[in-house]
Structures are given as C-alpha cells and as structure tokens.
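Residue-level structural notes
As a plain string of letters, each chain reads:
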Amino acid sequence: EVSQAGSYTLTVNNECGPMTDSVRIDLQNCSCVPFLPTAFSPNRDGLNDLFEIKINCLYRSYQLALFNRYGQKIFTSNDPDQGWDGTFENRDADAGVYFYTLKYVSLDGKAYSRKGDVTLIR
C-alpha cells in the first residue's frame, strides 16, 4: 500500500531471470475532484432527471454554466445543490449534447476549472 509520493521499484525473480519495473506516484487531494455525469434523462421518472455535479469538499465559490451547440448560455448556477433540469426558457430543451464550464475555489484558495459536455437524452 502506497502512502507517500515517490518512485517505487519492484524486482521479481523466476526461472526466466529477474524482471524489474518502476512507477512514479504523485498523491493528490481527490476529495475536491468533482463527479461530472456524461448524460442525464430529464423525463420526470425520478432517475437521472437533473444534471448535477457533486463535489466532496468545502469551497469558497462555485459557478456552473451550460451552453447549447450554438454557444448560447442556457443555464447558470452558483449553488452546487441546484442542477439543470433540461429546460430552457420554460420549455424542454432538445435532446443532444450540451457543453459546460465549472469553476470553483476550495477553502484553501486553490482554483479549479473543468470543461466538458453532457448528453441530454429524451
């Protein structure tokens, strides 16, 4: 079990001779890595009805923006508990791929930024 960052080397021997391999391990705080779904289905069945991002760390600020394929901003939120319900201007958005930007700052002041896409399935 690895508990510290560093280079680790392993050598094994058998009838074919010795074999050596090494790996470099860098540790990072994974509690601030968001869960970013790749698809959701806002069909009001109670399953995956919202595009929600989950972050398991405390943060100072949070900003999520979603865009359609034309680059038009269709949803924004500063509250990670508020997910996108697949609507735009009080109408169901078309099925397809939407793009998001996510920016947040952890309590220790580290800024994070993610970009990606999510598929809306109808």
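Here we come to the sheet that holds strand 3 (residues 39–40). Ordered in space as 3-9-8-4-5, the five strands form an open sheet in which the pairing is mixed. With partners counted over all chains shown, the strands left at the sheet margins are strand 3 and strand 5 (73–77), one partner each.

This paragraph deals with the packing of aromatic side chains. This structure, assessed with the given rule, holds six aromatic pairs. Between F40 and F51, the aromatic rings sit 6.0 Å apart at their centres with planes inclined by 45°, giving tilted as the arrangement. Placement of the pair is F40 in strand 3 and F51 in the loop between strand 3 and strand 4 (59–67), with a sequence separation of eleven residues. For the pair shown, F40 and F51 are each scored as buried. Between F40 and W84, the ring centres sit 5.4 Å apart and the planes meet at 55°, which makes this aromatic pair tilted. Of this pair, F40 sits in strand 3 while W84 sits in the loop between strand 5 and strand 6 (87–88); the two residues are 44 residues apart in sequence, bridging distant segments of the chain. Of the two residues, F40 and W84, both sit in the buried class. What links up through ring pairs into an aromatic cluster is the set F40, F51, W84, Y98 and Y100.

With that out of the way, let us pick up the side chain of S106. Examined against the element boundaries, S106 turns out to sit in strand 8 (residues 96–106). There is a polar contact of 2.3 Å between the side chain of S106 and the side chain of D108. With residues near it in sequence (within four places) discarded, S106 still touches C32, L58, Y59, R60 and Y112.

Cut-off values and rules
Residues numbered from 1 in each chain as written. Predicted model: local features only at pLDDT ≥ 70, side-chain atom pairs only at ≥ 80, totals over all residues. Heavy atoms only, no water. Pairing = 2+ DSSP bridges. Helix = DSSP H or I, 4+ residues; strand = E, 2+ residues; numbered from the N terminus. Phe/Tyr/Trp six-rings, centres within 6.5 Å; stacked < 30°, edge-to-face > 60°. Buried < 20%, exposed > 50% of the residue type's maximum accessible area, 1.4 Å probe, protein only. Polar contact = N/O pair within 3.5 Å; in protein donor to acceptor, adjacent residues only side chain to side chain. Contact = heavy atoms within 4.5 Å.

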